[in-house]
Amino acid sequence: MARGKKHKLSESYVGGNVVNEHGSKNAKTQQPAKLEAKDIYYEEDGLQRVYPYYHRFATHAKGRWVGRTIFDVFSKEFRDRTKEYYEASIEKGIIELNAQKVTKDTVVRNGDMVTHFIHRHEPPVTTEPLRVVRETEDGLLVVDKPGSIPVHPTGRYNYNTVTNILQIKHGYAALYPINRLDRLTSGLLLVGLNPTVAHKVERQLVEHKVQKEYVCKVKGEFPDGKIKCSQPIRVIAHKLALNCVDPKEGKPSETEFEKLFSEDGYSVVYCRPKTGRTHQIRVHLQFLGFPIANDPLYNNVEVWGDDMGKSGALPQTTSDPKEEEEKPKPEPEQAIERPRKMVGKCDSSQKNDAWRVLVKRMENWKDRQDMMEHINDCVGEKGPGKCDKCSTPMLPDPKPSELSIWLHAWRYSGSDWTYETPLPEWAAKAADHIDRVKYCPEKA
């Protein structure tokens, strides 16, 4: 689990100011002093970690907040923390209105700026470095991204992201990511160093003038020959990052696959997506009955049931029999129940039992993961470790197998350029087979 080390990011708030370890003060409305990589990152137990730090979240008051006390707003609108936490935060002055300290009974008015300086604990990522493959004269940066690192700041990740690592550790200034890779996916990432080259390459991607080639490792004996999947894909729940084949409502999607070799019950497969839907390769492989072997989402029987989404099959019941017996049956046009904000907004057309059951199974699975983390954290006489600043429980570290999936963006080609990365260790033997399937412009 992440340790609470002392460092320059360990700030406390005194009299409306940020005070760091060295005693210097910066007004909270000002930019903090520039920090070096050693002040932000450290390695421990084989993982790259970020020292906990305060992060400023600010927004103008929403209409529904006006006329309510600041304590009522935070305790009812943001339920990821306890009422006791918000009461203490107001007292400490790390929840403010218009840059002024408030009390629990301060009423929010129209136009108020609401600020919360939250103590953040970023999840650790791999210590495998970002590798610069090429930097062109016109400002295109080609990077080999390890699994576990998100491209942009998102959710609990800020410093442990590709853009911030490139800026802080490698010294790059403005960055304009061009293609996207899932956090768990490794491989080739194109980044513009100026908006002109970023727009140019983005345009080529939109116009399907860039050929993308991936390798993956799937469960089972993948069939010989070229296999094409053209099943439409739709997003089922944005907050859950859940996608599925849907012939009626999905967006057009196409991926070509070809087996490179099979060994010990697994196959390493060459993938060539013709479109760029979210999780496209992962969803199409699941539909074909060959999910990526270590994919925690699309190769998960607790979420998808025994059929595992093959040929578009969806589970008919939730994974909790007691819940199935007790729940009322929804009306045909009743929208998916979303009891927690983690589920997020679903498309209005997603109003049937099939999607509702799938989303509920996903929720149940996530709840079980959270419970297991809590149980594992509580093992021992002292119980779970907690941060001495915000009382956040110290979550267990991810296992090495949880840092990435067996999906790698191997090669991208434009009309007059080609960039590729080395094959990952789990696909090393593919080097003996990949020349026979890789994209060749003269054969296209």
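Whatever comes next refers back to the structure up there.
Residues numbered from 1 in each chain as written. Predicted model: local features only at pLDDT ≥ 70, side-chain atom pairs only at ≥ 80, totals over all residues. Heavy atoms only, no water.

Peer 1: Just give me the short version of the packing of helix 2 (residues 70–77) against helix 3 (residues 83–92), but keep the residues and values in it.
Peer 2: Closest axis-to-axis distance for the helix 2/helix 3 pair is 9 Å, and the angle between their directions is 145°. Crossing of helix 2 against helix 3: the hand is right-handed. Where helix 2 abuts helix 3, its residues Ile70, Phe71, Phe74 and Ser75 lie against Lys83, Tyr86, Glu87 and Ile90. (Axes fitted to C-alpha atoms, helices over the stretch in contact; angles between N-to-C directions. Helix = DSSP H or I, 4+ residues; strand = E, 2+ residues; numbered from the N terminus. Left-handed = near helix turned anticlockwise from the far one by under 90°. Contact = heavy atoms within 4.5 Å.)

Peer 1: Pulling in residues and values, what's your account of the sheet that holds strand 5 (residues 47–50)?
Peer 2: On the basis of which strands lie adjacent, the open sheet formed by three strands has the order 4-5-10 and antiparallel pairing. Each edge of the open sheet carries a strand with a single partner, namely strand 4 (41–44) and strand 10 (125–126). For strand 5 and strand 10, the ladder comprises two bridges, and the chain directions are antiparallel. Its bridge partner lying in strand 10, leucine 47 is registered against threonine 126. Its contacts with the sheet place helix 4 (residues 162–170) against strand 4 and strand 5, and it is angled at close to 100° to strand 4. (Pairing = 2+ DSSP bridges.)

Peer 1: Account for the environment of arginine 131, with residues named and values stated.
Peer 2: Among the secondary structure elements, arginine 131 is positioned in strand 11 (residues 131–135). Here the alpha-carbon distance between arginine 131 and aspartate 144, two residues 13 residues apart in the chain, equals 5.1 Å.

Peer 1: Describe unusual backbone geometry, with residues and values.
Peer 2: Positive phi, normally seen in glycine, also occurs at aspartate 264, with a value near 55°. Take aspartate 264: it is sitting in the loop between strand 19 (255–263) and strand 20 (266–273). Given the relative accessible area of 68%, aspartate 264 is considered exposed. In this structure, serine 311 is a non-glycine residue whose phi angle is positive, near 55°. Of note, serine 311 is situated in the loop between helix 7 (301–304) and helix 8 (321–326). (Buried < 20%, exposed > 50% of the residue type's maximum accessible area, 1.4 Å probe, protein only.)

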